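The chain contents come next:
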Amino acid sequence: LKFPEPRPAIANPELIRPSWTTTNARDPELLWLDKNENADPVLAGIVADVLASIPRETLYSYPDAAPLYRKLARYLGIAPDNLLLSAGSDGAIRAVFEAFIEPGDVVIHTQPTFAMYAVYSRMYGADARPLAYRPSDTGPVLDCDNVVRAINTLSPKLVCLPNPDSPTGTVFEPDRMRHIVEAAGSAGALMLVDEAYYPFHNGPVLPWIADYPHLVVVRSTGKAWGLAGFRIGYAAASRELAKLLHKVRAMYETNTVAIAVFERMLDRENEMWASVERLNKGKAFFLDRMEAMGFRVLRGAGNFLHVAFGTKANGIHSGLADMVYYRKDFSDACLRGFSRFSATTRELFTPVVERIAKVIR
Ligand SMILES: Cc1ncc(COP(=O)(O)O)c(C=O)c1O
């Protein structure tokens, strides 16, 4: 007996997913600055209190997300039917692919970027056309004109653009972004602007959903809100587009606990902003210290930063091994030689700075 053939896109040997049986558990004794989470202890304490305040019936009941739709819409200044809640912003990105991408459709995404753009392109059989950032003295660069040219020549079904992008930390200024969004519209493409890192970068794009029916903006709660483990994010789009995205949703967008926690955290918005400020200060502190030690740094947007340790890299990597998880290097030419640290508070960065100083002394 044999099972039937899966969809050709799923049979594709290039569609590879990480193992689900080997553990990648991190040591709680170390600092976790490798996945762009929010490791701010003050915010984590607030989230823990909010979690503890959730009533028992939340745990045994099926989700009712309507109150969160209404509250989040008010918070964003849009209507509830402009919104799709999702399992992380990743879930919203997948919904866009699921609703729109058929085998052979051209998808434009940047390179390097959030890994799931390439994965979903394969999963839905898209003809992915990555646009590579080029290296420069100021870090990775992708010209707006290149993006617009690709849109005009490749006839994409979907254009995916994180702003800020990860891992590059690059942003398109509002006028460039509008140019790209309009080029996608003129080419008949759907435009996905990924604002996972909002409000570390406060982009202007979300309200544009009122003007552009082909625009989807996705946002994460895993970064600024410190809720990465809850798996809740959202997409905002025109009513017509949001309605299509709802057609492909699972029975429930996400779980009751995530809905309850995010709903309560919206009342604590000031605490989120205070955490963003602490992380931005910690990031500036760490970058200043690294520059003072003579290392090249990239001051990109997002809750992360890059340092090139140059000839000292091996010594520093071994010196930090028992202290902090971070991304040591990149294979992409535009970030080769740079290590990436997620932003954390000045207090938590201080021992890392001291250790690096000790290693290079
Ligand atoms: C650019 C970008 N988009 C989306 C995501 C997914 O975030 P989440 O699914 O946790 O909301 C990430 C996570 O790192 C990201 O970097």
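Below you will find a few notes about this structure. In this convention, every chain numbers its residues from 1, walking through the sequence in written order. Where totals are concerned, whole chains, interfaces and linings use all residues; where local detail is concerned, this predicted model gives features only for residues with pLDDT of at least 70, and gives and counts side-chain atom pairs only at 80 or more. The side-chain figures draw on all heavy atoms in the structure; neither hydrogens nor water molecules are used.

**Notes on the sheet that holds strand S7 (residues 215-220)**
The strands making up a sheet associate through hydrogen bonds between their backbones, and the pairing can be parallel or antiparallel.
So, point 1. Strand order in the open sheet formed by seven strands is S2-S8-S7-S6-S5-S3-S4, and the pairing between neighbours is mixed. Among the strands making up the open sheet, the edge pair consists of strand S2 (83-86) and strand S4 (127-132). Shown here is a sheet whose adjacent strand axes are inclined to one another by a mean of 20 degrees, direction ignored.
So, point 2. Any two strands are treated as partners once DSSP identifies two or more bridges connecting them. Helix and strand assignments follow DSSP, with helices taken as H or I runs no shorter than four residues and strands as E runs no shorter than two, numbered in order from the N terminus. As paired strands, strand S5 (residues 158-162) and strand S6 (residues 190-194) are joined by five bridges and run parallel to one another. Paired with Val 159 across the two strands is Met 191, which belongs to S6.
So, point 3. In what follows, residue pairs with any heavy atoms lying within 4.5 Å of each other are defined as contacts. The axes used here are C-alpha line fits, helices contributing only the stretch in contact, and every angle between their N-to-C directions lies in the interval 0 to 180 degrees. Against the sheet, helix H6 (residues 116-123) engages strand S3 (106-111), S4, S5 and S6, with an angle of about 160 degrees to S3.

**Quick word on the side chain of Lys 223**
So, point 1. Position of Lys 223 relative to the elements: it lies in the loop between S7 and strand S8 (233-237).
So, point 2. Each residue is assigned to one of three classes by its accessible area relative to the maximum for its type, calculated with a 1.4 Å probe on protein chains only: buried under 20%, partly exposed between the two thresholds, exposed over 50%. Note on charges: Lys and Arg go in the positive column, Asp and Glu in the negative column, and His and the chain ends are not counted at all. Any carboxyl oxygen of Asp or Glu that lies within 4 Å of a side-chain nitrogen of Lys or Arg is treated as forming a salt bridge with it. Buried Lys 223, no salt bridge; nearest opposite-charge side chain is Glu 37, N-O distance 7.6 Å.
So, point 3. For Lys 223, the contacting residues outside a window of four places in its chain are Lys 35, Asn 36, Asn 38, Ala 196, Tyr 197, Phe 200 and Asn 303.

**Describing the pairing of S7**
So, point 1. In terms of residue burial, S7 counts as a mostly covered element, since six of its six residues are buried.
So, point 2. Side chains Leu 215, Val 217 and Arg 219 project from S7 onto one buried face, and the interleaved Val 216, Val 218 and Ser 220 project onto a second face that is buried too.
So, point 3. Summarising the sheet, S6 and S7 pair through four bridges and their orientation is parallel. Its bridge partner being in S7, Met 191 is matched across the sheet by Leu 215.
So, point 4. As paired strands, S7 and S8 are joined by five bridges and run antiparallel to one another. Across the sheet, Arg 219 pairs through a bridge with Tyr 234, a residue of S8.

**Some thoughts on unusual backbone geometry**
So, point 1. The amide bond that connects Asn 163 to the next residue, Pro 164, takes the cis arrangement and shows omega of 0 degrees.
So, point 2. Relative to the elements of secondary structure, Pro 164 occurs in the loop between S5 and helix H8 (174-186).
So, point 3. Of note, the amide linkage connecting Ser 166 to Pro 167 takes the cis form, showing an omega dihedral of 10 degrees.
So, point 4. Phi is positive for Arg 231, close to 55 degrees, though the residue is something other than glycine.
So, point 5. One can find Arg 231 in the loop between S7 and S8.

In short, geometric facts, not functional conclusions.
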